Amino acid sequence: MSNITCGTSGEEYETCRDESSALILKLVAISAILVAGVCGVSIPLVGKKHRFLRTDSNLFVVAKAFAAGVILATGFVHILPDATSALTDSCLPKFPWSKFPFSGFIAMMAALATLLADFVGTQYYERKHEKQGQSVVVNDDESSDSLSETGIVPVGTKGNSGNEEEGGGMHIVGMHAHAAYHTHSHDQEQGVREGFYPGRDSPHGHSHGIDTGDDESGVRHVVVSQVLELGIVSHSVIIGLSLGVSHSPCTIRPLIGALSFHQFFEGFALGGCISQAKFGTLQSTIMACFFALTTPMGIALGIGIASVYNANSPRALIIEGVLDSISAGILVYMALVDLIAADFLSKRMSSNVRLQIVSYVALFFGAALMSLLAVWA
């Protein structure tokens, strides 16, 4: 194809082309999207110290359902159609790009690959968890034997539910493992008492031996947070780059509000997963900053290469289409499986009718609102 056909963006783009105004709007976009991303990802991380924003509160569950709807609509309504448009563009050769639905196929394979990564990652962390838990049990038993020989009985090894983390907790990838205490006898009254205070800093929000559901597993949240961030970051680069290389204020202006909204609720969902994974402060901060800076950095990169970058070149279209397809597959899987199904099929949700109704309303409203933004962006 010639550059005359594929190197321009059409008559509407040329009539709205204004590089100086576009640059100002890009700088505004960097600031707005950065603030939205930081606020979104920070609320669950900072809010876990406040009762109404803790990850075990009903308000957090409802807000997370709204964010899950936003992410689901982002994958289906925004990213996947963009991928299809890029991979079926007239600038690409008709064979093979117009002969096969590559965008849907790549998205499907990405979703299946995410399932595999989800499974392998969970298995890896669980085995690591068990091995380190067993080593702590052995050390704990040896120390108990040595103390018993001297006639000293260790305090708090039985029936001490409040200070377990202080007595022998261990840290695995930011997750407090409680396997060391599974060998200790906890009666049902203690279990109920522990389950009644799920908001404590100790990760023993569930009662030992009574509730071991996936929604209480720190291992699952470790994997979910990392895979979700991968899916978000992969399409954030493309979004930022596309905005950064544009010279059209008509294109950039509606994107600022849409991307800020999108970034805030994606950040909220990711921040909730990071908070539930019990990462350390340093790792939580790194993951939050990496998320918040990705789109602004993509915009800055786009500004730097705007004079030489041709968004309609076959190579650019293929790269954009493939990355968007991968992102769509990851986000759709994460939204449906790890965000929606994990919460909506939990015992907590099934036992609280009011929470069910409000969460479903929030889910559909988030999906509908994000879908509506496709009219402008």
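Note that the structure is predicted; figures quoted are calculated from it, not measured.

Asks: Please provide a residue-by-residue account of the pattern of salt bridges, values included.
Replies: A full pass over the atoms with the stated rule returns 2 salt bridges. A salt bridge links Glu19 to Arg17, with the shortest nitrogen-to-oxygen separation between them at 2.8 Å. Look at Arg17 and you get partly exposed, because its relative accessible area is 36%. Between Lys64 and Asp343 there is a salt bridge, and its shortest N-O distance comes to 3.6 Å. One end of the pair, Lys64, is in helix α4 (residues 58-87); the other, Asp343, is in helix α12 (residues 314-344), with 279 residues separating them in the sequence.

Asks: Tell me about the nonpolar core, residues and numbers included.
Replies: Counting 54 residues, the largest nonpolar core has Ile71, Leu228, Phe261 and Met334 as the members making the most contacts within it. If you list the elements that add at least two residues to this core, you get α3 (19-47), α4, α6 (102-149), α9 (218-245), α10 (249-276), α11 (281-305), α12 and α14 (353-372). When residues of this core are assigned to their parent elements, the largest contribution, 12 residues, is made by α4. The residues touching Met334, leaving out its near neighbours within four places in the chain, are Thr114, Val224, Val227, Leu228 and Leu339. Membership of the second largest hydrophobic core comes to 11 residues, among which are Ala29, Leu243, Ile252 and Ile256.

Asks: A description of the packing of aromatic side chains should follow, citing residues and the corresponding values.
Replies: Inspection of every chain in the model, using the stated rule, returns 11 aromatic pairs. Arranged with centres 6.4 Å apart and planes meeting at 80°, the rings of Phe66 and Phe261 form a pair that is edge-to-face. Here Phe66 is found in helix α4, whereas its partner Phe261 is found in helix α10, with 195 residues between them in sequence. Pairing Phe344 with Tyr360 gives two aromatic rings, centres 4.6 Å apart and planes at 65°, and the pair type is edge-to-face. Taken together, the residues span a long stretch of sequence, with Phe344 in helix α12 and Tyr360 in helix α14 at a distance of 16 residues. Judged by its relative accessible area of 37%, Tyr360 is partly exposed. Taken together, the ring pairs in this structure connect Phe66, Phe261, Phe264, Phe265 and Phe365 into an aromatic cluster.

Asks: Give a detailed account of the packing of α4 against α14, specifying residues and quantitative values.
Replies: Axes are the key here: two packed helices are described by the angle between their axes and the distance separating the axes. Relative orientation of the contacting elements α4 and α14 amounts to 30°, with a least axis distance of 7 Å. Accordingly, the angle class assigned to the pair α4 and α14 is roughly parallel. In the packing of α4 onto α14, the handedness of the crossing is right-handed. Where α4 abuts α14, its residues Asn58, Val61, Val62, Ala65, Phe66, Ala68, Gly69, Val70, Ala73, Thr74, Val77 and His78 lie against Leu355, Val358, Ser359, Ala362, Leu363, Phe365, Gly366, Ala367, Leu369, Met370 and Ser371. Counted by class, the contact of α4 with α14 contains 16 nonpolar, 7 polar and no charged residues.

Asks: Kindly report on the packing of α9 against α12, identifying the contributing residues and their values.
Replies: Where α9 meets α12, the closest approach of the two axes is 9 Å, and the angle between their N-to-C directions is 145°. Note on packing geometry: the crossing formed by α9 with α12 is left-handed. Contacts between α9 and α12 involve Arg220, Val224, Val227, Leu228, Gly231, Ile232, Ser234, His235, Ile238 and Ser242 from the first element and Glu320, Leu323, Asp324, Ser327, Ile330, Leu331, Met334 and Asp338 from the second.

Asks: Kindly report on a nonpolar patch on the surface, identifying the contributing residues and their values.
Replies: On the surface, a nonpolar cluster with roughly 550 Å² of combined accessible area is contributed by Phe100, Phe105, Met108, Met109, Leu112 and Leu115. Positionally, Met108 belongs in helix α6.

Asks: How would you summarise the environment of Thr122 if you had to cite specific residues and measurements?
Replies: By secondary structure assignment, the location of Thr122 is in helix α6. Sequence spacing of Thr122 and Val219 is 97 residues, and the spatial spacing of their C-alpha atoms is 6.3 Å. When residues no more than four places from it in sequence are discounted, the contact partners of Thr122 are Val219, Arg220 and Val223. Only 2.7 Å separates the side chain of Thr122 from the backbone oxygen of Asp118, close enough to count as a polar contact.

Cut-offs used in this document
- Residues numbered from 1 in each chain as written.
- Predicted model: local features only at pLDDT ≥ 70, side-chain atom pairs only at ≥ 80, totals over all residues.
- Heavy atoms only, no water.
- Salt bridge = Lys/Arg side-chain N within 4 Å of Asp/Glu carboxyl O.
- Buried < 20%, exposed > 50% of the residue type's maximum accessible area, 1.4 Å probe, protein only.
- Helix = DSSP H or I, 4+ residues; strand = E, 2+ residues; numbered from the N terminus.
- Core = buried A, V, L, I, M, F, W, Y, C linked by side-chain atoms within 4.5 Å.
- Contact = heavy atoms within 4.5 Å.
- Phe/Tyr/Trp six-rings, centres within 6.5 Å; stacked < 30°, edge-to-face > 60°.
- Axes fitted to C-alpha atoms, helices over the stretch in contact; angles between N-to-C directions.
- Parallel < 35°, antiparallel > 145°, perpendicular 65-115°, else oblique.
- Left-handed = near helix turned anticlockwise from the far one by under 90°.
- Nonpolar A, V, L, I, M, F, W, Y, C, P; charged D, E, K, R; others polar.
- Patch = residues over 30% accessible without salt bridge, like charges linked within 9 Å, V, L, I, M, F, W, Y side chains within 5 Å.
- Areas by Shrake-Rupley, 256 points an atom, 1.4 Å probe, with all protein chains shown as cover.
- Polar contact = N/O pair within 3.5 Å; in protein donor to acceptor, adjacent residues only side chain to side chain.

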